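Listed below, chain by chain, are the residues.
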Amino acid sequence: MFDSIIRFFEEIDPVVGALLATTFTWLVTALGASVVFLFKEMKRAALDGMLGFTGGVMVAASFWSLLSPAIAMSDGEGFAKVAPSAIGFGLGALFLFGLDKVMPHLHINFKPNESEGVPTKLNRTLLLTLAITLHNIPEGLAVGVLFGGVAAGIPEASIAGAVILAIGIGIQNFPEGIAVSMPLRRHGLSRKKSFFYGQLSAIVEPIAGVVGALAVTFFTPILPYALSFAAGAMIFVVVEEVIPETQLDRYTDIATLGFMGGFIVMMILDVALG
């Protein structure tokens, strides 16, 4: 089945492939958000474990799918070989740092008066949705950049690698969709509205995916920088957003085990299938 998927993506334009792959990751988020139709509440321990899993997948993907190939495709030796990855990684983190300071948002386990970004009168629902949207921008960008590398003919960028990354992102998007919709339901929203905002948080992924693919297609030399940029953005999200959200209650061990499990799953996907 995996070979059939690869052949399908090899036969279509890589930019279209990026759109389809990131649409898949968005739909998996919607599938996770749909759990709200089955349950009204979910234990905090389960939510923390899911967020930890999400962080583990993002960290593993940052190295195995993004940084490692970025370093491999860079020319030169020593500092010259790692410089593009170091620069891109730092710029990705700075990009998310800037968004974090500008975009109003509220983390899932934080109190209403602990919202971040510019002052706003947006309600709690939108602020929670925007917080998860921040997570999804670098995820969509990462998938798109890999597909763009394929379009540019870079040997280190493969359809298999891009598809595996999309599958990994999709896997962690399922619990992420739950982690958005269930708190919204707990705070009084209807099931339909909780689902709507839960899936809406990932709508940015297809947009970021296409942007990333087109950027690399037109400016091929930026590929190592772009891959590392996406990695830096994802690591920033994990350290600044995901991990703190799992450390506010007594279920930190469950969150840590979830993180380890997510890392293992993504590593196996990338190494075994890639």
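Refer to the preceding data block for the structure.
Note that the structure is predicted; figures quoted are calculated from it, not measured.

A. Summary view of the nonpolar core. One finds Leu66, Phe147, Leu165, Leu223 and Leu227 to be the most contacted residues of the largest nonpolar core, which totals 59 residues. Setting aside its immediate chain neighbours within four residues, leucine 66 contacts Ala61, Ala142, Leu165, Leu227, Ala230, Ala231 and Met234. The next biggest cluster of nonpolar side chains, apart from the first, holds eight residues, and it includes Leu106, Ile132, Leu184 and Tyr197.

B. Main features of the pattern of salt bridges. Throughout the structure, instances matching the rule amount to one salt bridge. In this structure, arginine 44 engages aspartate 48 in a salt bridge whose closest nitrogen and oxygen atoms are separated by 3.2 Å. You can see arginine 44 and its partner aspartate 48 sitting in helix 3 (residues 44-72), four residues apart, about one turn around the helix.

C. Region of the structure containing helix 4 (residues 79-102). End to end, helix 4 covers 34 Å across 24 residues, agreeing with the expected 34 Å (1.5 Å per residue, within 8%). Residues of helix 4 that are buried: Ala83, Pro84, Ser85, Gly88, Gly92, Ala93, Leu96 and Asp100. The elements touched by buried residues of helix 4 are helix 3, helix 5 (124-151) and helix 9 (223-245).

D. Just the packing of helix 2 (residues 14-33) against helix 6 (residues 159-186), in detail. For the pair helix 2 and helix 6, the least separation of the axes is 6 Å and the interaxial angle reads 30 degrees. When the interaxial angle is binned, helix 2 and helix 6 end up roughly parallel. Seen along the crossing, helix 2 lies across helix 6 with a hand that is right-handed. Across the interface between the two elements, Ala21, Phe24, Thr25, Trp26, Val28, Thr29, Leu31, Gly32 and Ala33 of helix 2 pack against Ala166, Ile167, Ile169, Gly170, Asn173, Phe174, Gly177, Ile178 and Ser181 of helix 6. Taken together, the residues of the contact of helix 2 with helix 6 break down into 11 nonpolar, seven polar and no charged.

Here is what the cut-offs are and how they apply
Residues numbered from 1 in each chain as written. Predicted model: local features only at pLDDT ≥ 70, side-chain atom pairs only at ≥ 80, totals over all residues. Heavy atoms only, no water. Core = buried A, V, L, I, M, F, W, Y, C linked by side-chain atoms within 4.5 Å. Buried < 20%, exposed > 50% of the residue type's maximum accessible area, 1.4 Å probe, protein only. Contact = heavy atoms within 4.5 Å. Salt bridge = Lys/Arg side-chain N within 4 Å of Asp/Glu carboxyl O. Helix = DSSP H or I, 4+ residues; strand = E, 2+ residues; numbered from the N terminus. Expected span 1.5 Å × (residues − 1). Axes fitted to C-alpha atoms, helices over the stretch in contact; angles between N-to-C directions. Parallel < 35°, antiparallel > 145°, perpendicular 65-115°, else oblique. Left-handed = near helix turned anticlockwise from the far one by under 90°. Nonpolar A, V, L, I, M, F, W, Y, C, P; charged D, E, K, R; others polar.

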